[in-house]
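Here's the letter readout for the chains.
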Amino acid sequence: MTQAEHSAPERQAQAVAALAEAIRAAGASSGPAAEPADPDAPRTDAPRTDEQRAAALAAAAEVLAAGGAPADLAGPAVAALGETAAEQLREDPWAVLTLPGVRPEQADGFARGLLGPAAGPGDPRRAAALVPWVLEQAALRGHSAQEIGEVAAGLERLRLPDAAAALQEAVVDGRAMAFQEELPGHHGNDEEEPPTRTLLALERLALAEESLGESLVRLQSTLAPGTDAEPEAETETETTEAEEAGEAEEAEEGAAGIAPATPGPAAWEAAAAAAPSSSATALLRAVSGSALVVHTGGEASRAELAALLRAADGLGLRAWAGTWTDHGRTVLAGLLDGSPAAGRLATLAELLGAGGPGRAEDGTLALDLLVVPDAQLLDVELAATLLEALADGTRLVLSGDPNQLWSAGPGRFLADLTAAKACPVVASRTPDEGPIGELVSGISIGELQPVDAPDKEVVVLAVQDAGEAVHRAVQLLADSIPRALGIPAEQVVLITAGHGGGAGTRALNAAAKARLNPGPGAFGGFDPGDRVAWSPTPGTTLPGRVLDGGAAGLHLELSDGSRLTLSPAQTARLRHGWALTAHQAVGRRWPGAVVVVPGDAAAGLTRQWVYTAFGRAERHLSVVHPAGPALAQAVAERPAAPRTTRLRAILAEHTGQEG
């Protein structure tokens, strides 16, 4: 059992004593209101044969139909609840809330269909299902925990008669975990009792943040500084071919992990002094003395990561980079052109799978230094998995752009780590060049100013409505940008705020398909040649194109060159990909980008969204938006939406600093 599994319940027990009073006090005030378990996740009670699965599906479909629910929920029900899904749903109709996309009002209707008048709003089974559902909805909005008052208010809006009792029961039976912590930012005197708040969290998120705190401290406390070897006296000796071969073999073994190098301060300082920029020098010096370093900067700062990887290779360290996307890996490989370090790049999925450095005997990754670009995109669960895979004494560099959108999953890992001042932070002084770089730099400080773009690097087009926005965006994609700038349409992306609405991805993709690849949608709505966006897991988007389709499924070629066949059921997570949301586009850049700001979405945009969307362009950016001040107001007045997390307080406790 890990320390996190011990410490989290201990904190929980301390909070439970005060929970009832806190809930009732919080519930008396009114306030504003991750997807459910992965349906593809294996279960220990999953059907073991095709016959068992068919029987489980039929039984689940029968129960769902009896309650008036769609029969196509049978598959997700069996995946989430196992082969006894039918029995579980019959005994507890509100268990249907664990299935993807099901909302409380739908679960209530299903319960009434099965139970009749006995299905009341105060049913204990309903309360037991609603508490984790409300916390899951908070996780979808990025919160890894939520204040009790907000959870209670959400339950009351769902007409739960006794929210306080439901919350207390949820904590007692382990469906939620309770924590008390000092209010962030409090600076009272030592004699005052600091104000506290009570937070509730799903167990998986609570343990992930506890694990993160412990892993970060473990890495820092187990780093063993190297020592510089004494210089040997120079002697004139002949080196035989056998000796040279032996030295080469030893170097290769060291790189593979058999005898890793431990460079000392002088070696690190020599590498830092030889770095190509002052920011790269600062990064190398920070890494030489600390197991954990945060590096921040824009797109140009990736050159500093390349300099670090080159230097680490020269120092004999097993240094790898784990990128968010295959595009990020390609960019870093280009910066490392000609260096052996270019062969030690992998996406995070590859790194944690079979495509990285391999594993040591204890199961940890066989490396001495890990560099993670785009670390602002790590949610707390993925970050915890990554750090648990690092051996004691591993150096970790987390590099990210703090102005970009945070992770799709819950938490704000990099921001919390930076705010906790738990490790050195190296801020790059290398600016992004050109008119686009100047534009996004201004956005980062809340200013949306015109920039000088003599070669049409930035073009702003005002439109009257969503219909005109779609027309102009597709015209830019299909004709204007390829003709005027020589950027092919397949290297241009449309970026918008959401999937729905008059200028969302659905409308833009429909118009782009009609213009660039018209067809009947012969294969589940797709045709050969369609640009697509495949989302194997929430928060992950892989661009590609359709090759063909048939009885076996839809055949895709993804942006990394790999090929994939999707079954008809899997195509539900496939979208056309000429247009993406900014969240789908993170971690990638295109030679050309057309950012569409729908008038009905402008009021909900943030500075973080605008910065991220505009920064997806490498050579050309077109902005299509309604005339008026809405876009400038978003940049000036609306920074990133806050998220409630526990990691900063956990790190402060570990380091003895104030939260």
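Residues numbered from 1 in each chain as written. Predicted model: local features only at pLDDT ≥ 70, side-chain atom pairs only at ≥ 80, totals over all residues. Heavy atoms only, no water.

**Remarks on the overall build of the chain**
- Along the chain, the regular secondary structure elements total 24 helices and 19 strands.
- Split by element, the accessible area of the chain, about 29,600 Å² in all, is 52% carbon and sulfur. (Helix = DSSP H or I, 4+ residues; strand = E, 2+ residues; numbered from the N terminus. Areas by Shrake-Rupley, 256 points an atom, 1.4 Å probe, with all protein chains shown as cover.)

**Here's the deal with the sheet that holds strand β3 (residues 196-201)**
- As summarised here, the arrangement of the three strands in space is β1-β3-β2, forming an open sheet in which the pairing is antiparallel. Because the sheet does not close on itself, it has two edges, and the strands there are β1 (146-147) and β2 (177-182). (Pairing = 2+ DSSP bridges.)

**Let's talk about the sheet that holds strand β9 (residues 425-427)**
- Sheet architecture is open: six strands sit in the order β6-β5-β7-β8-β4-β9, paired in parallel fashion. Among the strands making up the open sheet, the edge pair consists of β6 (345-347) and β9. Across the sheet, the axes of successive neighbouring strands diverge by a mean angle of 20 degrees, strand direction being ignored.
- Pairing between strand β7 (residues 369-372) and strand β8 (residues 395-400): four bridges, direction parallel. Counted as the bridge partner of V372 is L398 from β8.
- Most of the contacts of helix α14 (residues 326-335) go to β6, to which it runs at about 165 degrees, and overall it touches β5 (319-323) and β6. (Axes fitted to C-alpha atoms, helices over the stretch in contact; angles between N-to-C directions. Contact = heavy atoms within 4.5 Å.)

**With respect to the packing of helix α2 (residues 50-66) against helix α3 (residues 74-81)**
- The geometry of α2 relative to α3 is characterised by a closest axis approach of 8 Å and an angle of 115 degrees between their N-to-C directions. As α2 packs across α3, the resulting crossing turns out to be right-handed. Counting all contacts with α2, which are made through R53, A56, L57, A60, A61 and L64, the residues of α3 involved are A74, G75 and V78.
- Of the residues that constitute the contact of α2 with α3, the class distribution is seven nonpolar, one polar and one charged. (Left-handed = near helix turned anticlockwise from the far one by under 90°. Nonpolar A, V, L, I, M, F, W, Y, C, P; charged D, E, K, R; others polar.)

**Regarding the pattern of salt bridges**
- If you walk through the whole model with that rule in mind, you get 24 salt bridges.
- Among the salt bridges present, the one from R302 reaches E299, with a minimum N-O distance of 2.9 Å. Of the two residues, R302 and E299, neither departs from the other in class, the shared state being buried.
- The network of salt bridges with shared partners includes E299, R302, D374 and R589. (Salt bridge = Lys/Arg side-chain N within 4 Å of Asp/Glu carboxyl O. Buried < 20%, exposed > 50% of the residue type's maximum accessible area, 1.4 Å probe, protein only.)

**Focus: empty space enclosed by the protein**
- A volume near 60 Å³ is recorded for the largest cavity.
- In this structure, the largest cavity is lined by E299, R302, H327, G328, V331, D374, Q404, G587, R588, R589 and R616.
- With three residues, the top contributor of residues to the lining of the largest cavity is α14.
- Counted by class, the lining of the largest cavity contains one nonpolar, four polar and six charged residues.
- In this model, the second largest cavity occupies a volume close to 30 Å³.
- The wall of the second largest cavity is formed by L135, A138, A139, H143, S144, A145, L200, A201, L202 and L205.
- No other element matches the three residues that helix α6 (residues 124-140) contributes to the lining of the second largest cavity.
- Considered class by class, the residues forming the lining of the second largest cavity number eight nonpolar, two polar and no charged. (1 Å grid on protein atoms, 1.4 Å probe; cavity = no way out; pocket = protein on both sides within 12 Å on 5 of 7 lines; lining within 4 Å. Points joined across faces, edges and corners; volume = space filled by probe spheres on them.)

**Overview of the environment of V131**
- With respect to the element layout, V131 can be found in helix α6.
- Judged by its relative accessible area of 0%, V131 is buried.
- A C-alpha to C-alpha distance of 9.7 Å links V131 and E169, two positions 38 residues apart in sequence.

**Focus: the packing of aromatic side chains**
- The tally for this structure, following the rule as stated, stands at zero aromatic pairs.
- Lying over the aromatic face of F179, R646 brings its terminal NZ or CZ to 3.5 Å of the ring centre. (Phe/Tyr/Trp six-rings, centres within 6.5 Å; stacked < 30°, edge-to-face > 60°. Lys NZ or Arg CZ within 6 Å of the ring centre and 35° of its normal.)

**Remarks on the nonpolar core**
- L398 and L417 are the most contacted members of the largest nonpolar core, which totals 82 residues.
- When sequence neighbours within four positions are dropped, the list of residues in contact with L398 reads L292, V293, V294, H295, V372, A375, L378, F413, L414 and L417.
- In this structure, I443, L580, L605 and V635 belong to the second largest nonpolar core, which totals 32 residues. (Core = buried A, V, L, I, M, F, W, Y, C linked by side-chain atoms within 4.5 Å.)

**Brief notes about the side chain of D401**
- As for its position among the elements, D401 is in the loop between β8 and α17 (413-419).
- Polar side-chain contacts of D401 include one of 2.6 Å to the side chain of Y611.
- Excluding residues within four positions of it along the chain, D401 makes contact with G297, G298, Q376 and Y611. (Polar contact = N/O pair within 3.5 Å; in protein donor to acceptor, adjacent residues only side chain to side chain.)

**Some words on the side chain of H620**
- Here H620 lies in strand β19 (residues 617-626).
- Taking the relative accessible area as the measure of exposure, H620 reaches 3% and is therefore buried.
- Engagement of the side chain of H620 in a polar contact is seen with the backbone oxygen of K456, the distance being 2.6 Å.
- Every residue in contact with H620, bar those within four places of it in the chain, is listed here: I436, K456, E457, V459, I481, L485, I487, P591, G592 and A593.

**Points about the packing of helix α22 (residues 607-614) against helix α23 (residues 630-637)**
- It is at 7 Å that the axes of α22 and α23 come closest, and there the two elements cross at 110 degrees. Considering the angle they form, α22 stands roughly perpendicular to α23. Every residue of α23 that contacts α22 at R607, V610 and F614 is listed here: L631, A634, V635, A636 and E637.
- Tallied by class, the residues present in the contact of α22 with α23 amount to six nonpolar, no polar and two charged. (Parallel < 35°, antiparallel > 145°, perpendicular 65-115°, else oblique.)

**Some words on the confidence of the model for the chain**
- Here the chain averages 88 in pLDDT, and 86% of its residues register 70 or above.
- Predicted confidence for residues 244-259 stays below pLDDT 50, and this span has nine contacts to residues more than four positions away or in other chains. (pLDDT = per-residue confidence, 0-100.)

**Looking at unusual backbone geometry**
- You will see that D374, though not glycine, has its phi angle at about 55 degrees, which is positive.
- Relative to the assigned elements, D374 resides in the loop between β7 and α16 (380-388).
- One non-glycine residue, K421, adopts positive backbone phi at about 55 degrees.
- Secondary-structure assignment places K421 in the loop between α17 and β9.
- We classify K421 as exposed; its relative accessible area is 65%.

**Considerations on the pairing of β19**
- Across the 10 residues that make up β19, a large majority, seven, are buried.
- Bridge analysis of strand β10 (residues 458-463) against β19 gives six bridges, and the strand direction is parallel. By the bridge assignment, V460 is partnered in β19 with V623.
- Pairing between strand β18 (residues 590-596) and β19: six bridges, direction parallel. In the strand pairing of β19, A593 is matched with L621.
- Chirality of the crossover, the property in question, places the unit of β18, α22 and β19 among those that are right-handed. (Right-handed = clockwise from strand over helix to strand, strands pointing away.)

**As for the environment of A145**
- Residue position: A145 is located in the loop between α6 and β1.
- The class of A145 is buried, set by a relative accessible area of 3%.
- Once the C-alpha coordinates of A145 and R643 are considered, the two residues, 498 residues apart in sequence, prove to be 8.7 Å apart.
- Excluding anything up to four places from it in sequence, A145 contacts L199, L200, A201, T644 and R646.

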